[in-house]
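Next come the chains, spelled out residue by residue.
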Amino acid sequence: MSLEHYLHRYGRATFTLFLINVAVYAVEAVMSKNPFWISGDVLATLGQWNYAILHLGAWWQPFTAMFVHVNIIHILFNAYFLLSLGSQLERLIGPKRVVIVYIVSGLTGNLLTLFLTPPNLVSAGASGALFGIAGTLIAITGVIGGNMQLALLNAFVLFLVNSILPRVNAIAHFGGMVVGILMGYYYGKAIKRRLTWAYTYDYY
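The paragraphs below set out a description of the structure included in this document. Everything numeric in this text was worked out from a predicted model, so none of it was measured.

1. Focus on unusual backbone geometry
- Even without a glycine there, the phi angle at Lys33 is positive, about 60 degrees.
- Within the secondary structure, Lys33 is located in the loop between helix 2 (12-32) and helix 3 (40-46).
- When its relative accessible area of 79% is taken as the criterion, Lys33 is described as exposed.
- Of note, Arg167 is a non-glycine position whose phi angle comes to about 60 degrees, a positive value.
- Among the structural elements, Arg167 can be located in the loop between helix 9 (148-163) and helix 10 (170-203).

This is the structure we're talking about:
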């Protein structure tokens, strides 16, 4: 199938983000000389090494780290959830806003990680950004459905289930989720206003 088919199926922004993540992992694999497990040196260079940001001037790492993954399982799971959740969100709020949610959520999670974890920590992954996408979807559903309490409970359960495992960056998950919920609440209100206006217009 053509590239245009996948861009249409998953959304231009979502599939482009997917391609960037896959391309970055390919670069990591070549640099590590291992397609299954990325070396610590490569992760410290392309991911987020707190010490490098704080003391070596690697200010770009909180941004690049949201496209970096530590092994083949990591990239496969995150790529799957990006396509699944991102395509749903893109249909609701459009491609530009999906990119905004991904980047703002990912950056928030990585910056929280920078200031709340030890300097020698090396972290990587799109999870913070993906939690932002999930949080946005959950909040939009809560606003439109009129049950924000249930939406927040669902968000808490999702965060808890996916953040209790070892070697998981729960701080990045939390930061991404909170930002996603706030953005989803804003977008949900806007969508609800449009739906209400359309119903009123059709009714009269």
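2. Description of the packing of helix 8 (residues 127-145) against helix 9
- As a packed pair, helix 8 and helix 9 sit with axes 7 Å apart at the nearest point and diverge in direction by 160 degrees. Classified by the angle their axes make, helix 8 and helix 9 are roughly antiparallel. The interaxial crossing formed by helix 8 with helix 9 has right-handed handedness. Seen from helix 8, the contacting residues are Phe131, Ala134, Ile138, Ala139, Gly142 and Val143; seen from helix 9, they are Met148, Ala151, Asn154, Ala155, Leu158, Phe159, Asn162 and Ser163.
- Tallied by class, the residues present in the contact of helix 8 with helix 9 amount to ten nonpolar, four polar and no charged.

3. Some remarks on a nonpolar patch on the surface
- Together, Leu150, Leu153, Phe156, Val157, Leu160, Val161, Ile164 and Leu165 give the surface a local cluster of nonpolar side chains, amounting to about 770 Å² of exposed area.
- You can see Leu160 is positioned in helix 9.

4. So, the layout of surface pockets
- Volume-wise, the largest pocket comes out at about 1100 Å³.
- Together, 34 residues line the largest pocket, and His74, Ser127, Arg167, Val168 and His173 are the ones closest to its centre.
- Listing elements by their share of the lining of the largest pocket, those giving two or more residues are helix 3, helix 6 (72-93), strand 2 (122-123), helix 8, helix 9 and helix 10.
- In terms of residue count, helix 6 provides more of the lining of the largest pocket than any other element does, six residues in total.

5. A closer look at the packing of aromatic side chains
- By the definition in use, this model includes eleven aromatic pairs.
- With 5.5 Å between their ring centres and 10 degrees between their planes, Tyr6 and Phe15 make a pair best called stacked.
- By relative accessible area, which is 6% here, Phe15 ends up buried.
- Through successive ring pairs, a cluster of aromatic residues spans Tyr6, Tyr10, Phe15 and Phe18.

6. Brief notes about empty space enclosed by the protein
- A full pass over the atoms with the stated rule returns one cavity of 30 Å³ or more.
- Looking at the largest cavity, its volume works out to about 40 Å³.
- Forming the walls of the largest cavity are Asn21, His69, Ile75, Asn78, Ala79, Leu82, Tyr102, Ala126 and Leu130.
- Top contributing element to the lining of the largest cavity by residue count: helix 6, with four residues.
- Among the residues forming the lining of the largest cavity, the class breakdown is six nonpolar, three polar and no charged.

Rules used in this analysis
Residues numbered from 1 in each chain as written. Predicted model: local features only at pLDDT ≥ 70, side-chain atom pairs only at ≥ 80, totals over all residues. Heavy atoms only, no water. Helix = DSSP H or I, 4+ residues; strand = E, 2+ residues; numbered from the N terminus. Buried < 20%, exposed > 50% of the residue type's maximum accessible area, 1.4 Å probe, protein only. Axes fitted to C-alpha atoms, helices over the stretch in contact; angles between N-to-C directions. Parallel < 35°, antiparallel > 145°, perpendicular 65-115°, else oblique. Left-handed = near helix turned anticlockwise from the far one by under 90°. Contact = heavy atoms within 4.5 Å. Nonpolar A, V, L, I, M, F, W, Y, C, P; charged D, E, K, R; others polar. Patch = residues over 30% accessible without salt bridge, like charges linked within 9 Å, V, L, I, M, F, W, Y side chains within 5 Å. Areas by Shrake-Rupley, 256 points an atom, 1.4 Å probe, with all protein chains shown as cover. Salt bridge = Lys/Arg side-chain N within 4 Å of Asp/Glu carboxyl O. 1 Å grid on protein atoms, 1.4 Å probe; cavity = no way out; pocket = protein on both sides within 12 Å on 5 of 7 lines; lining within 4 Å. Points joined across faces, edges and corners; volume = space filled by probe spheres on them. Phe/Tyr/Trp six-rings, centres within 6.5 Å; stacked < 30°, edge-to-face > 60°.

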